[in-house]
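Chain by chain, the residues run as shown.
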Amino acid sequence: AQSVTQLGSHVSVSEGALVLLRCNYSSSVPPYLFWYVQYPNQGLQLLLKYTTGATLVKGINGFEAEFKKSETSFHLTKPSAHMSDAAEYFCAVSDPSGGSNYKLTFGKGTLLTVNP
Amino acid sequence: GAGVSQSPSNKVTEKGKDVELRCDPISGHTALYWYRQSLGQGLEFLIYFQGNSAPDKSGLPSDRFSAERTGGSVSTLTIQRTQQEDSAVYLCASSRGVSSYNSPLHFGNGTRLTVT
């Protein structure tokens, strides 16, 4: 069974500061990894994903994440926070083996607040 | 183009009543998913459709929950004899294919269900 742990249910940063949202996973095989963002009263939107290849992946809105197999981590970063980045962020995994890679297992989410 | 549409956006119902939640996926998307987002929790997988068939219903929490999809398009999630613990945001997503490798999920804005 897979699981996802997001450290910190709430992260607060100042505008222009580094954003770091942590995600660790538990999986018997290297999973596919995803970050989604949810703005208030909206559905989830894919920020970026890692499936194979380069372990540093870049997404929309200046976000990037690095897959570190040895640490079972997929932390999300952005060098300089904008007010518009305030939202809830979800890390998710899927199992690429077998026939169930359609199913995503999500973390509990991290609410990002950006202070002026 | 149009995204995933869910209705109603909000639903308040009395304990014991039945409710129906509707999802209109993106045209041409063969896969459709229902997830539940409870307060303070991540997203919980409920059911997955490929066309009109539901190969995976493993996430439905009890036999009070059922879902169908018709015409390879619209899906309805029905909750019978609602309980207070059913209160949550129900999210629908669709994807062009069934692999999370190359078919990202597109989420609707959700239906917020409150059982009083």
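Before any of the text, the structure's been laid out above.
An account of the accompanying structure is given in this report.

How each quantity is defined
Residues numbered from 1 in each chain as written. Chains lettered and ligands numbered in written order. Predicted model: local features only at pLDDT ≥ 70, side-chain atom pairs only at ≥ 80, totals over all residues. Heavy atoms only, no water. Salt bridge = Lys/Arg side-chain N within 4 Å of Asp/Glu carboxyl O. Buried < 20%, exposed > 50% of the residue type's maximum accessible area, 1.4 Å probe, protein only. Helix = DSSP H or I, 4+ residues; strand = E, 2+ residues; numbered from the N terminus. Phe/Tyr/Trp six-rings, centres within 6.5 Å; stacked < 30°, edge-to-face > 60°. Pairing = 2+ DSSP bridges. Axes fitted to C-alpha atoms, helices over the stretch in contact; angles between N-to-C directions. Core = buried A, V, L, I, M, F, W, Y, C linked by side-chain atoms within 4.5 Å. Contact = heavy atoms within 4.5 Å. Buried area = accessible area lost by both parts, 1.4 Å probe. Polar contact = N/O pair within 3.5 Å; in protein donor to acceptor, adjacent residues only side chain to side chain. Nonpolar A, V, L, I, M, F, W, Y, C, P; charged D, E, K, R; others polar.

Section: the pattern of salt bridges
In total, this model carries 6 salt bridges over all chains according to the counting rule given. Where A:Lys78 meets A:Asp85, a salt bridge forms, and the shortest distance between an N and an O atom there is 2.9 Å. Note on A:Asp85: relative accessible area 2%, which makes it buried. B:Asp56 serves as the salt-bridge partner of A:Lys103, at 3.1 Å between the closest nitrogen and oxygen. Of the two residues, A:Lys103 is situated in the loop between β10 (87–94) and β11 (105–106) and B:Asp56 in strand β6 (residues 53–56); the pairing between them involves two chains. With relative accessibility at 23%, the residue A:Lys103 sits in the partly exposed group.

A word on the packing of aromatic side chains
What the rule picks out here adds up to 14 aromatic pairs over all chains. Geometrically, the ring pair formed by A:Tyr36 and B:Phe107 is edge-to-face, given 5.7 Å between the ring centres and 85° between the ring planes. Highlighted residues: A:Tyr36 in strand β5 (residues 32–38) and B:Phe107 in strand β10 (residues 106–107), drawn from two different chains. Exposure remark for B:Phe107: the relative accessible area of 8% places this residue in the buried category. Taken together, a centroid distance of 5.5 Å and an interplanar angle of 45° make the contact between A:Phe63 and A:Tyr89 tilted. Here A:Phe63, found in the loop between β7 (56–58) and β8 (64–68), pairs with A:Tyr89, found in strand β10; they are 26 residues apart in sequence, far enough to count as distant. Members of the aromatic cluster, each reached through a chain of ring pairs, are A:Phe34, A:Tyr36, A:Phe90, A:Tyr102, A:Phe106, B:Tyr33, B:Tyr35, B:Phe45, B:Tyr48 and B:Phe107.

Structural notes on the sheet that holds strand β7 (residues 65–69) of chain B
All names here are of chain B. The strand order across the open sheet built from 4 strands is β1-β3-β8-β7, with neighbouring strands paired in antiparallel fashion. Single-partner strands in this sheet number two, and they are β1 (5–7) and β7. If you compare each strand with its neighbour and ignore which way they point, the axes differ by 15° on average. Bridge analysis of strand β3 (residues 19–24) against strand β8 (residues 75–79) gives 5 bridges, and the strand direction is antiparallel. What sits directly across from Val19, in β8, is Ile79.

Details of the nonpolar core
All names here are of chain A. By size, the foremost hydrophobic cluster in this structure holds 27 residues, and its most contacted members are Trp35, Leu47, Leu48, Phe74, Leu76 and Tyr89. At the level of secondary structure, the elements contributing two or more residues to this core comprise β2 (10–14), β3 (19–21), β5, β6 (44–50), β8, β9 (73–78), β10 and β12 (110–115). Of all the elements, β10 adds the most residues to this core, at 4 residues. Here Leu48 is in contact with Leu33, Phe34, Trp35, Val57, Lys58, Gly59, Phe63, Glu64, Ala65, Phe74 and Leu76, once residues within four sequence places are set aside.

Some remarks on the interface of chain B and chain A
Taken together, the contacts link 22 residues of chain B with 21 residues of chain A. For the pair chain B and chain A, the summed buried surface comes to about 1800 Å²; carbon and sulfur atoms form 53% of the total. Between chain B and chain A we count 6 residue pairs in polar contact (both at pLDDT 80 or more) in total. Every element with two or more residues in the side of chain B that touches chain A is listed here: β4 (31–37) and β5 (43–50) of chain B. A breakdown of the residues in the side of chain B that touches chain A according to their chemical character gives 11 nonpolar, 10 polar and 1 charged.

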